[in-house]
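# A closer look at the structure
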Amino acid sequence: MGLSGALQIGRMGLLASQAAIEVAGNNLANIATRGYHRQEVTLVPARSQAIGPGVFVGRGVLVQQIVRQIDDALEGRLRTSISDQSQSLAQRGVLSQIEAIYNEFSGVDLSTRLGAFFNAWSELANNPQDNSLRSLVIQEGATLASFIQTLRSDLVNVRTQVDRSIDAATAAADNLLTQIEGINLQIVNAEGGTGSGAHGLRDQRDTLLAELAQFIDISTVEQPSGVVDVFVGSTPIILNGRSRGLEVRRQTVDGQLQTDVVVSDDGTVVNGSSGQIGALVSSREQDINQAIQFLDDYANQLIFQVNRLHSQGQGLQGHSTVTATSRVLDTTVALNDPDAGLDFVPTHGSFRISVTQQSTGHRVTSTISVDLDGINPAGDTTLVSLAAAIDALADINATITADGRLQITGAGSDFEVSFSDDTSGVLAALGINTFFTGSTAFDMGVNDVILAAPVKLAAALEHLSGDNRTALALAALRDESIESLGGLSLTEMWHRHVQDYAVRLSQAQQHLEADSVVRESLQAQQQQVSGVNADEEAIDLLGFQRAYQGSARFIAVVDEMLQTLLALL
């Protein structure tokens with residue numbers, strides 16, 4: 001090796017030190033850059049040269065590679081933790097809104113409205129002849145019905161808001177997929193298929209993948225070309241580096257609107273178990289829709305149980321005419337047949353109907369059988385047969401309106417109709433002499449007949465003047481064990497539902513706290529592997545500076561030797 005070889009060694013030293021200084025400077029410049037992974041230069045000695053038998057002299061230093069410090073397994077775990085935290089945060093947000101709507105223990109809640117309604121019946125029982133107390137019952141009933149309708153409307157609004165959030169999150173995720181596809185192409189072009197080198201582009205892609213993980217739980221597979229494929233479960237959403245797209249699909253299934261996030265290319269449902277999208281879709285079905293369905297079922301039970309008692313009672317005045325509030329879709333089938341279309345199903349039994357002549361006080365009471373035992377289907381009671389049985393009684397007419405409602409009318413203005421002893425529930429099912437109308441939280445209301453004439457509010461039994469047994473029975477309904485509710489009372493049923501959602505919210509909060517701790521721990525681990533430490537970089541920078549200075553000094557020495565040699569010639 002001659003002086004020219006020595007100059008080459010110095011040159012290689014300068015270049016290697018310069019590259020190392022640039023890497024350290026780049027690290028320091030990006031110390032606050034989100035998603036940046038520290039880079040590290042790897043220096044290796046050049047192959048030695050033989051200058052004699054068994055004697056070798058080094059030929060300098062080479063930059064073998066510049067490596068991005070990253071732990072792919074750790075990055076995958078971190079993306080999973082981001083998805084889990086986003087899921088818990090979204091679910092807690094939905095449950096918090098439901099809790100705010102219920103607003104229990106605030107005095108402006110359903111428990112308070114139920115208490116006021118049943119208390120009004122209790123006060124009426126103390127003085128059943130008082131019209132002001134009757135008006136109070138009707139007012140509290142209307143307030144209760146309106147409050148339940150408002151609860152349902154608020155829950156539907158939350159569902160609408162969640163639907164919009166699903167749309168926005170899916171659009172954002174789809175946009176991220178498009179950006180990742182673009183960077184995949186840039187990485188391939190920059191690296192030329194080597195699978196390394198485009199560190200800045202890879203950092204950008206990892207940042208986009210972390211953002212995507214906020215919306216949906218993903219896994220990634222890097223191909224030899226450098227592109228990354230992205231999967232949700234086993235469903236690819238980026239395949240061969242190309243985005244397959246995400247979109248929201250809504251369709252009606254069994255009368256319910258179903259929301260799914262699907263792959264745009266082929267419509268495959270993306271079943272994300274976590275992430276914001278997964279949490280919103282899950283909460284829509286399991287939290288909001290369940291709350292709406294429960295409120296409808298609860299209102300259904302409340303309406304029926306109140307009407308069941310009220311329909312058998314009597315007010316201060318009977319009905320000259322009464323029209324059922326519920327329609328029968330097919331008047332020729334048994335009343336307990338689904339084709340009849342009744343929201344409340346009557347059972348086998350009977351009820352009593354009384355016709356009172358006001359001028360004489362003479363009352364005739366008849367029993368109407370309701371055959372719904374199914375033993376002889378041909379003889380089961382239909383709306384047509386029920387109307388015929390009532391119409392056959394003296395001083396009373398029964399017809400079916402054009403829209404399928406039973407209408408019962410006294411033979412003249414001197415006759416009033418009243419009802420009692422209904423063991424079949426057919427009066428409540430048809431909406432005859434009932435307090436509430438409707439069958440769900442959506443359409444619950446107070447019967448217009450009672451609103452117009454409070455004297456028809458039923459507080460008595462057995463046509464006894466001053467009797468209060470219907471009012472007492474309705475007041476006791478608050479805590480009465482109901483078989484169809486599994487032995488719970490209406491109050492207990494509601495309280496259990498509220499407690500269930502309180503537990504869900506508490507669990508969501510606990511999951512969020514746990515997921516946050518996990519994410520913070522993984523981020524700390526990531527920083528240990530990929531983060532830039534200013535002190536360490538400064539030390540490395542000084543070392544590389546000394547190496548550069550040493551190489552420069554070495555070249556100067558070699559140059560002096562070369563000049564001395566040339567002077568001898």
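Residues numbered from 1 in each chain as written. Predicted model: local features only at pLDDT ≥ 70, side-chain atom pairs only at ≥ 80, totals over all residues. Heavy atoms only, no water.

## Comments concerning the overall build of the chain
The cut-off we apply is this: Secondary structure elements are defined from DSSP: runs of H or I of at least 4 residues count as helices, runs of E of at least 2 residues count as strands, and each element is numbered from the N terminus. Each radius of gyration is computed over the set of C-alpha atoms, and the globule rule expresses the reference value as 2.2 Å times the number of residues to the power 0.38. A 1.4 Å probe rolled over the protein chains alone gives each residue an accessible area, and that area as a share of the maximum for its type sets the label: buried under 20%, exposed over 50%, partly exposed in between. Only heavy atoms matter for contacts: two residues are in contact if any of them lie within 4.5 Å across the pair. Surface accessibility in these figures is a Shrake-Rupley result with a 1.4 Å probe; residues are shielded only by whichever protein chains are displayed. Only four residue types enter the charge count, namely Lys and Arg as positive and Asp and Glu as negative; His and the chain termini do not. Every charge is mapped onto a representative atom, which is NZ of Lys, CZ of Arg, CG of Asp or CD of Glu.
A count of helical and extended segments in the chain gives 12 helices and 18 strands. What you see for the chain is a C-alpha radius of gyration of 41 Å, clearly larger than the 25 Å of a compact globule of 569 residues, by over 25%. Taken along its principal axes, the extent of the C-alpha atoms in the chain is 155 × 45 × 35 Å. Counting over 569 residues, the chain shows a buried share of 44%. Partitioning the intrachain contacts of the chain with sequence separation of at least 6 by distance along the chain shows that 68% fall at a separation of at least 24. Roughly 26700 Å² of accessible area belongs to the chain as shown, and the carbon and sulfur atoms make up 50% of that amount. Of note, the chain has its 34 positive side-chain charges centred 8 Å away from the centre of its 65 negative side-chain charges.

## Observations regarding the pattern of salt bridges
Note the cut-off: Whenever Lys or Arg places a side-chain nitrogen within 4 Å of a carboxyl oxygen from Asp or Glu, that contact is recorded as a salt bridge.
Taken as a whole and judged by the stated rule, the model has 21 salt bridges. Linking Glu181 and Arg242 is a salt bridge whose minimum nitrogen-to-oxygen distance equals 3.3 Å. Taken together, the residues Glu181 in helix H4 (residues 131-191) and Arg242 in strand E8 (residues 242-243) connect sequence positions 61 residues apart. Where salt bridges share partners, they join Arg68, Asp203 and Asp206 into one cluster.

## Describing the environment of Gln509
With respect to the secondary-structure elements, Gln509 resides in helix H11 (residues 490-530). By relative accessible area, which is 26% here, Gln509 ends up partly exposed. Spatially, the C-alpha atoms of Gln509 and Leu95 are 9.9 Å apart, while their sequence positions differ by 414 residues.

## Here's the deal with the sheet that holds strand E13 (residues 363-370)
Applied cut-off: Pairing between two strands is assigned when DSSP locates at least 2 bridges connecting them. Fitting a line to C-alpha atoms yields each axis, with helices limited to the stretch in contact; the angle taken between N-to-C directions then spans 0 to 180 degrees.
Spatially, 3 strands are ordered E13-E12-E16 in an open sheet, and the strand pairing comes out antiparallel. Bordering the open sheet on either side are E13 and strand E16 (415-420), each of which pairs with just one other strand. Each adjacent strand pair in this sheet contributes to an overall mean axis angle of 25°, direction not counted. Relative to E13, strand E12 (residues 349-357) runs antiparallel, the two sharing 8 bridges.

## So, unusual backbone geometry
Phi is positive for Asn240, which is not a glycine, with a value near 55°. Looking at the secondary structure, you find Asn240 in the loop between strand E7 (235-239) and E8. For Asp421, which is not glycine, the phi torsion reads 50° and is therefore positive. When you line up the elements, Asp421 lands in the loop between E16 and helix H8 (426-430). By relative accessible area, Asp421 is classed as partly exposed at 39%.

## Focus on helix H3 (residues 110-126)
How we decide: For a helix, the expected span equals 1.5 Å multiplied by the residue count minus one.
Helix length check: H3, at 17 residues, gives a terminal C-alpha distance of 25 Å against a target of 24 Å (1.5 Å per residue), a fit within 8%. Restricting attention to buried positions, one finds in H3 the residues Leu110, Arg113, Leu114, Gly115, Ala116, Phe117, Phe118, Ala120, Trp121, Leu124 and Ala125. Here the buried face of H3 lies against H4, helix H6 (275-310), strand E17 (436-437), helix H10 (469-476) and H11.

## Let's talk about the packing of helix H2 (residues 72-102) against helix H5 (residues 199-215)
The test is simple: Every angle not falling under 35 degrees, over 145, or within 65 to 115 is termed oblique; those three ranges are roughly parallel, roughly antiparallel and roughly perpendicular. Working rule for handedness: look at the near helix, and if it is turned counterclockwise from the far one by less than a right angle, call the crossing left-handed; if clockwise, right-handed.
Interaxial distance between H2 and H5 falls to 7 Å at its minimum, and their mutual angle equals 30°. In this view, H2 runs roughly parallel relative to H5, as classed from their interaxial angle. Here H2 runs over H5; the crossing is right-handed. Listed contacts from H5 to Arg79, Ile82, Ser83 and Ser86 of H2 are Asp206, Leu209, Ala210, Ala213 and Gln214.

## Some thoughts on a nonpolar patch on the surface
The following threshold applies: Patch construction takes residues with relative accessible area above 30% that form no salt bridge. Like charges are linked within 9 Å, and nonpolar side chains (Val, Leu, Ile, Met, Phe, Trp, Tyr) are linked within 5 Å.
Where nonpolar side chains cluster on the molecular surface, the patch consists of Leu43, Val63 and Ile66 and spans about 200 Å² of accessible area. Looking at where Val63 falls in the secondary structure, it is placed in strand E4 (residues 61-68).

## Quick notes on the packing of aromatic side chains
Just so we agree on the cut-off: Between the rings of Phe, Tyr and Trp (Trp by its six-membered ring), a pair exists once the centres lie within 6.5 Å; its type follows the angle of the planes, with under 30 degrees stacked, over 60 edge-to-face, and the other angles tilted.
Within this structure, the stated rule accounts for 12 aromatic pairs. Between the aromatic rings of Tyr298 and Trp494, the centroid separation amounts to 5.8 Å while the plane-to-plane angle is 50°, which identifies the pairing as tilted. Remark: Trp494 occurs in helix H11 and Tyr298 occurs in helix H6; sequence separation between them is 196 residues. In this structure, Tyr298 and Trp494 share a single accessibility class: buried. When the ring of Phe304 is compared with that of Phe344, the centres are 5.4 Å apart and the planes differ by 25°; the resulting orientation is stacked. Within this pair, whereas Phe304 is found in helix H6, its partner Phe344 is found in the loop between strand E11 (321-323) and E12, the two being separated by 40 residues in sequence.

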